[in-house]
Structure formats: structure tokens, C-alpha cells
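# Commentary on secondary and tertiary structure
The lines below spell out each chain.
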Amino acid sequence: MLRIAVLISGGGTNLQSLIDASKQQRLDGDIVLVISNRQSAYGLQRAREAGIQAEWIKDPTCVLKRLQEEKIDLVVLAGYLAIVPKEMIEAYQHRIINIHPSLIPSFCGPGFYGLHVHEHALARGVKVSGATVHFVSEEVDGGPIILQEATYIGDLESATEIQQRVLEIEHRLLPQAVSLFCQNRLKVENERVKII
Ligand code: GRF
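A brief look at the structure comes next.

Calculation rules
- Residues numbered from 1 in each chain as written.
- Predicted model: local features only at pLDDT ≥ 70, side-chain atom pairs only at ≥ 80, totals over all residues.
- Heavy atoms only, no water.
- Helix = DSSP H or I, 4+ residues; strand = E, 2+ residues; numbered from the N terminus.
- Rg over C-alpha atoms; globule rule 2.2 N^0.38 Å.
- Buried < 20%, exposed > 50% of the residue type's maximum accessible area, 1.4 Å probe, protein only.
- Contact = heavy atoms within 4.5 Å.
- Areas by Shrake-Rupley, 256 points an atom, 1.4 Å probe, with all protein chains shown as cover.
- Lys, Arg positive; Asp, Glu negative; His and termini not counted.
- Charge placed at Lys NZ, Arg CZ, Asp CG, Glu CD.
- Near = heavy atom within 4 Å.
- Polar contact = N/O pair within 3.5 Å; in protein donor to acceptor, adjacent residues only side chain to side chain.
- Nonpolar A, V, L, I, M, F, W, Y, C, P; charged D, E, K, R; others polar.
- Pairing = 2+ DSSP bridges.
- Axes fitted to C-alpha atoms, helices over the stretch in contact; angles between N-to-C directions.

Across its full length, the chain carries six helices and nine strands. Since a compact globule built from 196 residues should have a radius of gyration of about 16 Å, the 16 Å found for the chain is in line with a globular shape. If you line up the chain on its principal axes, its C-alpha atoms span 45 × 40 × 35 Å. When burial is assessed residue by residue, the chain has 49% of its 196 residues classed as buried. Here the contacts in the chain between residues at least 6 apart in sequence split such that 64% fall between residues at least 24 apart. On the chain, roughly 9800 Å² of surface is accessible, and the fraction owed to carbon and sulfur atoms is 48%. Of the charged side chains in the chain, 20 are positive and 23 negative; the average position of the first set lies 3 Å away from that of the second.

Bringing the environment of Leu15 into the picture now. One can find Leu15 in helix H1 (residues 13-23). For Leu15, a relative accessible area of 0% puts it in the buried group. Sequence-wise, Leu15 and Ile169 are 154 residues apart; in three dimensions their C-alpha atoms are separated by 14 Å. Apart from the residues lying within four places of it in its own chain, the contact partners of Leu15 are Val6, Ile8, Val34, Gly43, Arg46, Ala47 and Ala78.

Glancing now at the site of the ligand. Every residue close to the ligand is listed here: Gly11, Gly12, Thr13, Asn14, Gly79, Ile99, His100, Pro101 and Glu170. Contact distances for the ligand include 3.0 Å between a nitrogen atom and a backbone N or O atom of Ile99. Between an oxygen atom of the ligand and a side-chain N or O atom of Glu170, the distance comes to 2.6 Å. Considered on its own, the ligand offers 360 Å² of accessible surface; in the complex 84% of this is hidden by protein. At the level of elements, H1 and strand S5 (96-100) are the ones that each hand at least two residues to the shell around the ligand. When grouped by side-chain class, the residues that make up the shell around the ligand number two nonpolar, six polar and one charged.

Residue placement: Arg46 occurs in helix H2 (residues 42-49). For Arg46, a relative accessible area of 17% puts it in the buried group. Leave out the neighbours within four places in its chain, and Arg46 touches Gly11, Gly12, Thr13, Leu15, Gln16 and Ile19.

Further remarks concern the sheet that holds strand S4 (residues 74-77). Read across the sheet, seven strands follow the order S3-S2-S1-S4-S5-S6-S7 without closing on themselves; strand pairing throughout is mixed. Looking at the sheet topology across the chains shown, the edges are occupied by strand S3 (53-56) and strand S7 (145-152). Ignoring which end each strand starts from, the neighbouring axes of this sheet average 20° apart. Sitting on the sheet, H1 is in contact with strand S1 (2-8), strand S2 (29-36), S4 and S5, with an inclination near 155° to S2. Sitting on the sheet, H2 touches S1, S2 and S3, and the angle it makes with S3 is about 155°.

So, in C-alpha cells, the structure goes:
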């Protein structure tokens, strides 16, 4: 089984979706470490309740060392709001997965995180949004796309409602992408991800 680390900053509902998938043997990997850059992140508690090693590491430049000590195979960014250092991206090329709450390349890049993403979608009046799981490259939200799913949002009136609808997709998509990775079914060719 591959050894998975999940990096978070907040509530960790995506982390919870991975924990649940793992309990139901849908993940094909073991979550062995959860790291938060924020001490108060509720996700740390979710990890501890599931019996997973949970650590507060404030400085992102200290994370790579821990990943290597724990012989981590796959890193999942699940609402990790810190800049991932270049060294880590290089050491884990095509082995870091991120979930983003929009259909990339819409509403992504620097400044598009959390509720802001959905506020922009609402302000622009788009009828469709969704979620994207992608490999992490040095460009923010710029790496090869693994999975995307769209949802109609034209009936919603607030960014919070959009967030809720998109989160439902995220909670399905992220465990699915992690499972595909763990089964060695993702191949990156010319910046495109093939599912084999
Ligand atoms: C999610 O919307 C995720 O796409 C984004 O940050 C949010 C984290 O939510 N990257 P949670 O902490 O998993 O509940």
C-alpha cells in the first residue's frame, strides 16, 4: 500500500472524505500523516480521531523533511493554504495532488482560494462551476488535470451555497483521484493525464 500524507489548513472535510474512503477500503493507500500549517485547524482533530499521526508544522519549508522521514509516496493538498516550496514540488514531481473548487482554468491562480473562488463565480454569473483535481506544478493551479466534474449553479444565490454544492463533488472526486493514483492508473504525457 502506498503511504499518503494529507496537508491541510482548515476544517478538513476533504480530508474526512479520504478517511472515510480509506475505512471503506476505497482508497488503495494508507493515510499515515496529516500536516497542518495552522495549529487550530479542525482537520488535525479529525485525523487524531481516526488514529492518524497529526502534526502542526507552521513553516512549509520544514514539511519536505517530514515527508521523506515518513517515506511518503503521495502528498494530497486538501485545502492547504500555504505556498508549497519549489524543493518539495521537485522532489515529488507528479506525486502531489491538489483539489481546487472550480473548473480550472476558470477562477484559479493567485488569490483564488476558499470562498473567494465562489464569490467570483457568483459575480461573473456563470451557470456552471465544479471541481478539479490536478497534479501540482510550480504554477499556482497550473499542473496537469486529473479529474473534473461540473455542476449547475444558476439556481444559487450566494457564494456559500455554491461552496456547499461544489464540496459535494470534491468529496467524491478527491478519493477517486487518490485511488487511481494508488492503483498506478495515472500517466502524465505532454502535460495531459491519461487514465489507464
Ligand atoms: C476546498 O474547497 C478545497 O477545494 C480548497 O479548500 C477547501 C478546503 O475545504 N482547496 P476543507 O478544509 O476540505 O473542508
